[in-house]
Amino acid sequence: MIRIDPASQAPLDVYKLLVGSVVPRPIAFVSSLSSSGVRNLAPFSFFTVASSNPPVVVFQNSVRGNGGMKDTVTNIRETGEFVVNIVSEDFAEQMNLTSADVAPQVDEWNLSGLTPLPSEFVKPPRVGESRIHMECRLIQIVPVSDKPLGGSLVLGEVLLFHVADEVLETFRIDPGVLRPIGRMGGPTYARCTDRFDLQRPS
């Protein structure tokens, strides 16, 4: 085994170790609005569930090399609202287009060609191509590190789920119909097609 002390390595190399080890990572495709109404759409692969009661999701926004944050977190801090859209394989390339580093006034919806749908409880639109949407209200933004490749955790309470009929049966999501993708290291993604079951010991 190779011992690696992160304190003695370049942050980018530590990042590569983390994103290559913690795999596959689900993707939060987050839609938000600025306080002036500019639409934003961006994917985040540091994403998971934080609570079921109440339902809370969390994603991490990395600090850029220049010390700035993505527009998404700025928008959420200003408005307190966002939508998490789950990414399926059939619109993965369109999702990827929104990861481009563009100016705050650029509307990533126009870059991607994805379809905005009105939300019910929040102002940011939902991605029409997504089979699951979670309308969220900000609970807290937790700073972790202000160093480059550091970041903040964004916790949001899910106010409303939208789930396509074909993926849901008795509150269970069918992964074969959802066809979610996960992020690996570098430009690599994973399909959720080879699965097996293990029953938890009693």
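Provided above is the structure to which this section pertains.
For clarity, every value in this text was computed on a predicted model and none was experimentally measured.

Caption draft 1: Inspection of the overall build of the protein at higher detail. The secondary structure content of the protein amounts to five helices and 13 strands. Relative to its length of 202 residues, the protein is compact, with a C-alpha radius of gyration of 17 Å against a globular reference of 17 Å. Principal-axis analysis of the C-alpha atoms gives the protein an extent of 50 × 50 × 35 Å. Within the span of the protein, comprising 202 residues, buried residues form 38% of the whole. In the protein, once contacts between residues fewer than 6 apart in sequence are set aside, the share between residues at least 24 apart is 62%. On the protein, roughly 12000 Å² of surface is accessible, and the fraction owed to carbon and sulfur atoms is 54%. One way to put it: in the protein the 18 positive side-chain charges average out to a point 5 Å from where the 22 negative ones average out.

Caption draft 2: Inspection of the sheet that holds strand E3 (residues 47-52) at higher detail. Taking strand neighbours across the sheet as the criterion, the seven strands line up as E2-E1-E5-E8-E9-E4-E3 in an open arrangement whose pairing is antiparallel. Looking at the sheet topology across the chains shown, the edges are occupied by strand E2 (39-44) and E3. On average, adjacent strands in this sheet sit at an angle of 35 degrees to one another, irrespective of strand direction. Both E3 and strand E4 (residues 55-62) contribute to a ladder of five bridges, which runs antiparallel. Bridged to serine 51 within E4 is valine 56. Sheet contacts for helix H2 (residues 71-79): strand E1 (28-33), E2, E4, strand E5 (81-86), strand E8 (132-145) and strand E9 (151-163); angle to E1, the most-contacted strand, approximately 55 degrees.

Cut-off values and rules
Sequence positions are assigned chain by chain, starting from 1 and proceeding in written order. Selection of residues for local features in this predicted model requires a pLDDT of at least 70, selection of side-chain atom pairs for listing and counting requires 80 or more, and totals for whole chains, interfaces and linings are taken over all residues. Only hydrogens and water are set aside when side-chain values are computed; all heavy atoms of the structure are taken into account. The helix count covers DSSP runs of H or I at least four residues long, the strand count covers runs of E at least two residues long, and both are numbered beginning at the N terminus. Radius of gyration: over C-alpha atoms. The globule rule applied is 2.2 Å multiplied by the number of residues raised to the 0.38 power. Each residue is placed in one exposure class: buried if its accessible area under a 1.4 Å probe, protein chains only, is under 20% of its type's maximum, exposed if it is over 50%, and partly exposed if it falls in between. Whether two residues touch is decided by their heavy atoms; if any such pair falls within 4.5 Å, the residues are in contact. The Shrake-Rupley method, run with a 1.4 Å probe sphere, supplies the accessible areas, and residue values consider only the shown protein chains as cover. A residue counts as positive if it is Lys or Arg and as negative if it is Asp or Glu; His and the chain ends are not included. Charge positions come from single atoms, namely NZ of Lys, CZ of Arg, CG of Asp or CD of Glu. Strands are treated as partners if at least two bridges between them are detected by DSSP. Orientation is described by axes fitted as lines to C-alpha atoms, over the contacting stretch for helices, and by angles from 0 to 180 degrees between their N-to-C directions.

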